[in-house]
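For reference, the chains in residue letters:
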Amino acid sequence: MKRKLLLLGALFCWLALNAPFLFAEVPTIDKIVKGTVKDGSTNEALIGSTVTLKGTSKGVITDVNGNYSIAVPEDNAVLVFAFIGYDSQEVMVGIQSEINVSLASNSSELAEVVVIGYGNTRSKDVTGSVKSIKSEAFNKGIINSPEQLLQGKVAGVNVTASSGEPGAALNISVRGPGGVRTGSTPLFVIDGFALDNSSVGGATNPLTFLNPEDIETIDVLKDASATAIYGSRGANGVILITTKKGKKGASNLNYSTSLGYSKMARPLDVFTADEFRSEIKKIGANFIDDGGNTDWQKEISQTAFTQNHNLGLSGGTDKLKYFGSFGMQKQEGVLKNSNLDRYSGRVNLNQNFWENKLSVDVNISASSTNNERPNFQGLIGSAISANPTYVPYAANGSLKKYADGTNPMLTLALDNDLTVTNRILGNISPSLTLANGLVYKLNFGIDNSSSSRDLQSLPNAEPLVLGGLTSIEYKNTNRLIENYLTYTLSKDVHALTALAGHSYQKIFLQGRSFSINKFPLNEIEPRFNPGLGQDLTLVNNKPSGFATLNELQSFFSRVNYEYDDKYLATATVRVDGSSKFGANNKYGVFPSFSVGWRLSEEEFLKNTKFDDLKIRAGWGLTGNQEIPSKITQALFTSSVSGTTSYPLDGGTSYPAGTTYSRLANPNIQWEVSSQIDIGLDFGLFNGALTGTVDYFNKVSRDILLEVIPADPVQPAGTLWTNVADMKIINKGLEFELLLRKKLGNKMRYEVGGNITFINNVVKNSPYTVIPSGSASGSGLTSATINGYINDQPIGTFYLRQFAGFDDKGLSIYADSNGDGIFSDKDRIAAGTALPNKIYNLNGNFSYSSFDLGVNFNGVAGNKVYDNTANANFYKLRLSKGVNTTNEATKYPEESINNSAPVSTRFLKDGAFFRLNNAVLGYTLNTSKLGIKKYVSTLRLSVTGQNLFLITKYDGFDPDVNTDRSVNGISSYGIDYLTYPKARSVIFGLNIGL
């Protein structure tokens, strides 16, 4: 009994001591739920969306990949997923440990992701002037570079071809050119890597290396509030190119191929043999009639074939996403011996680690471009002037030889230009989530290109050609490293994104060349054995070369703020330091600010037809550093001559002397552009009608120019400086409109267009004219055609005004200044090469499995100087027995002894309207064909490119800009023996597995 009492007492004491714990509420253990929040239509991660536990204030924000992780106390808890501009979604947890959500946008157009530099945002949240073009809206046809994909697609962007040659350079300006020596080319950024606008060698467009099939989107930043994040290189606009990436889901294999053929679109209407004989007789001139009837333009041209093959692979899991491609394009030009072959490969990877807190992006592309080109200016010049009664071949099949050496086929046989360019571009961009909403990103990349160019002339006995070889090697290495932090906060009606970072870019350029002349007649081409050259003297074959190192260091920051999804603000500051500038002005500061008001979110517009109505306004400063390197530094020259040294012994022996050829100028600074933009974005009828209106005013000042020094005691005749008070102003209006409609289940259409009204003017220039374009041709060389003139647009033609002929049949010109003397002082501003209206019309129609897309573009208000006609098509030329056109004989009163100097006689209207491309496609139903298991998509298409052109211009094409620059100052609107444009038809096949 006693033992029982002791046990009972011990049990009581234990209960007394442990009662608080036994009867307390047992805590529950939270379980972790993870997942991803994405856009329901684009499958893009929604960064900064909120995931909250319903009925509580507990919540988290998704990271840079749209991932989240939240502790949930019980299975019947409900998670609320929300993002501004999207319909919120509620999900009961239940037994799930992973919940992935796709949110539906209130308007798919407004939720489009737009790349804005060092990040992205939704279209509805943009406060600057930005235009995004998706791959399905790109121009179609034979495409060599990304600028062609954009032509006519973006208001305010003008793309002009230098010629119709495969891979030819393109001149692109965003809201007009703003510099004299700094050009107008925008900054191109590919997957976050800023390219250098320097040449990579050869004569083709540096961007030809990029396979258009690899591009997913192109975003154009137009105003300063959008471009200021790129500071010193944003004055000419910024074009952001995003290549295709893999997506989570099933693996995809896509193969596309096309075969196209092209012919010269508009040969020049020179005289036929019969017309030539008749016209020669009318003016009483002598000529050799060899009895032929030769169309020399036809002889030097060909039906050109282009084949394109592209293979793409993509797919991914939660951890790894991949995209890979291989492309091959083999394009013939419409002139014989003209070819451009491009081989390209790309790998884009995304790998996630540490529960998706670390995300690593890798982008690598490699390309090899082989370009063969004839001496096309000499070839075309010979073909349009050659006697049409001559024949190209003798009876034995050899080239016919004439005493005057005229046979265009000889130029084809002897001269060519061959360039091989290899380029590798790669960058790695890891992103690490340091804390909730805080992400660190590193961007490290290298762009390495090398080219080898051989210009050779084969030796020939009759006519005598000694033969020669010039070999040029070029290297361009561009290294970039960037570090930046992004902080995202979303709470109640507030949303904030802040960015701060540092960038360092190092660009090394090197080139060297040598030449050898006088090769023996044999079957070996000079490029295969330069040692056969017999003229090795340094006088004629002195090697040359250069090496340049440019560095750019930058600090940048940006803040985006939203309040209640109605009021938007963006502020940006970038500080750039460049090795190109003097010691006193190494760094420049480029700020910007913009605001937006979404009126459509206000109550007074809630029940109207407006889905979206937003007013934007912004201001900012951007810079331009596209000037030659080292111009701020002193330059010395060492030589032996009577001007640099003198005899020390009183004799005639001169020792080497060293003199200044340029004094140092540490005060040169950035060329700065300030820009104001006011815009209106609207959407009506559930997104069926959308549009944009923008007013802009861009003023470039501190213009960088090479000038004649005011002090005559200078070691050099010119020096570089910022021209005080000189300004270049571009202002205008942009309109874009798009109507989309779906009719029933099978038919839909889109019709849209844009137009830009732009005025450019030069103010306060200290010079009467800064020459920017010079003439070519016998008796014309170096004559000024256009330039920079006060109160006139850039590219203004500065010419004597042609006034007809005197009683002797000689040209007379207007005495514009009234001094009674006919001289160059009578030159006038006779119009500009820059259009004041740029417009585009496009339409897409589909019915059932058929689809049709058309794209028109045009310009107006501009002129073209026909230097080809000036050098070839006037009566004196015809009297010498060479061919011309009706232009040479349209003035009966003109004397056969009359010369044709540069004047308004050959200035022509450059306006045009073109059907740029049209595509008809048919998508086969693979299910009905019984191959759905193996082939998911199968599409056939036919594309027409440059199908028709309406213009008054009678040259090859009005969309032309032969480089006739003067001392590095860009020329505009000059046509001289330009490579003719092609008209093409392309048949395509696309297979998706």
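K.L.:
Help me out: how do you make sense of the environment of Gly237 in this one?
P.N.:
Among the structural elements, Gly237 can be located in the loop between helix 3 (224-227) and strand 16 (238-243). The class for Gly237 is buried, based on a relative accessible area of 2%. For the pair Gly237 and Lys606, spaced 369 residues apart in sequence, the C-alpha separation works out to 36 Å.

K.L.:
How do you make sense of the packing of aromatic side chains when you look at a structure like this?
P.N.:
The description of an aromatic ring pair rests on the distance of the ring centres and on the angle between the ring planes. Under the definition given, this model contains 22 aromatic pairs. Measuring from ring centre to ring centre gives 5.6 Å for Tyr68 and Phe81, while their planes differ by 70 degrees; the resulting arrangement is edge-to-face. Taken together, the residues Tyr68 in strand 4 (residues 67-72) and Phe81 in strand 5 (residues 78-82) connect sequence positions 13 residues apart. Both residues of the pair, Tyr68 and Phe81, count as buried.

K.L.:
Where do I start with the sheet that holds strand 47 (residues 907-909) in this structure?
P.N.:
Strands belonging to one sheet form pairs held by backbone hydrogen bonds; the direction of such a pair is parallel or antiparallel. In space, the three strands of this open sheet follow the order 47-46-50, with mixed pairing throughout. The sheet is open, and its two edges are formed by strand 47 and strand 50 (974-975), each paired on a single side. Examined bridge by bridge, strand 46 (residues 863-866) and strand 47 share three bridges and lie antiparallel to one another. Of the residues in strand 47, the one forming a bridge with Lys863 is Asp909.

K.L.:
I'm lost on the nonpolar core in this one. Help?
P.N.:
If you look at soluble globular proteins, the nonpolar side chains tend to sit buried side by side. Of all hydrophobic cores here, the largest spans 54 residues; its most connected members are Val180, Leu335, Ile785, Tyr788 and Tyr865. Counting only elements with at least two residues in this core, the list comes to helix 5 (296-300), helix 6 (376-385), helix 7 (408-414), strand 34 (703-707), strand 39 (784-788), strand 40 (796-799) and helix 9 (867-872). With five residues, the single largest contributor to this core is helix 6. Beyond its immediate chain neighbours, meaning those up to four positions away, Leu335 contacts Met264, Ile300, Ser301, Gln302, Phe376, Leu379, Ile380, Tyr979 and Pro980. Counting 26 residues, the second-largest nonpolar core is a separate cluster that includes Ala161, Val174, Phe209 and Leu210.

K.L.:
Explain the sheet that holds strand 3 (residues 59-61) to me, please; I cannot follow it from the model alone.
P.N.:
Strands sit in the order 3-2-5-6 across an open sheet of four strands; the sheet is antiparallel. In the strand order of this sheet, the two ends are held by strand 3 and strand 6 (89-92), each with one partner. For this sheet, the mean angle separating the axes of adjacent strands, direction not counted, is 20 degrees. Relative to strand 6, strand 5 runs antiparallel, the two being bridged by four bridges. Bridge pairing links Leu79 to Val91 in strand 6.

K.L.:
Before we go on, may I ask you to explain empty space enclosed by the protein in this structure?
P.N.:
Per the counting criterion, the structure on display carries eight cavities of 30 Å³ or more. Put simply, the largest cavity is a space of about 540 Å³. Ile142, Gln148, Gly164, Gln945 and Lys981 are the residues nearest the centre of the largest cavity, which is lined by 33 residues in total. For the lining of the largest cavity, the secondary-structure elements that each account for two or more residues are strand 19 (320-332), strand 48 (912-923), strand 49 (937-951) and strand 51 (982-992). Along the lines of polarity and charge, the residues of the lining of the largest cavity split into ten nonpolar, 16 polar and seven charged. Taken as a whole, the second largest cavity holds about 110 Å³ of empty space. In terms of lining residues, the second largest cavity is bounded by 14 residues, among which Val200, Thr204, Asn205, Thr369 and Thr421 are the most central. Mapped onto the lining of the second largest cavity, the elements with two or more residues apiece are strand 21 (358-373) and strand 22 (415-435). Of the residues belonging to the lining of the second largest cavity, the class tally is four nonpolar, nine polar and one charged.

K.L.:
Help me out: how do you make sense of the confidence of the model for the protein in this one?
P.N.:
Here the protein shows a mean pLDDT of 88. Residues at 70 or above account for 93%. Confidence, read as mean pLDDT per element, is least for helix 1 (residues 2-22) in the protein (42) and greatest for strand 47 (97). Across residues 1-27, confidence stays below pLDDT 50; counting only partners more than four residues off in sequence or on other chains, it has two contacts.

Parameters at a glance
- Residues numbered from 1 in each chain as written.
- Predicted model: local features only at pLDDT ≥ 70, side-chain atom pairs only at ≥ 80, totals over all residues.
- Heavy atoms only, no water.
- Helix = DSSP H or I, 4+ residues; strand = E, 2+ residues; numbered from the N terminus.
- Buried < 20%, exposed > 50% of the residue type's maximum accessible area, 1.4 Å probe, protein only.
- Phe/Tyr/Trp six-rings, centres within 6.5 Å; stacked < 30°, edge-to-face > 60°.
- Pairing = 2+ DSSP bridges.
- Core = buried A, V, L, I, M, F, W, Y, C linked by side-chain atoms within 4.5 Å.
- Contact = heavy atoms within 4.5 Å.
- Axes fitted to C-alpha atoms, helices over the stretch in contact; angles between N-to-C directions.
- 1 Å grid on protein atoms, 1.4 Å probe; cavity = no way out; pocket = protein on both sides within 12 Å on 5 of 7 lines; lining within 4 Å.
- Points joined across faces, edges and corners; volume = space filled by probe spheres on them.
- Nonpolar A, V, L, I, M, F, W, Y, C, P; charged D, E, K, R; others polar.
- pLDDT = per-residue confidence, 0-100.

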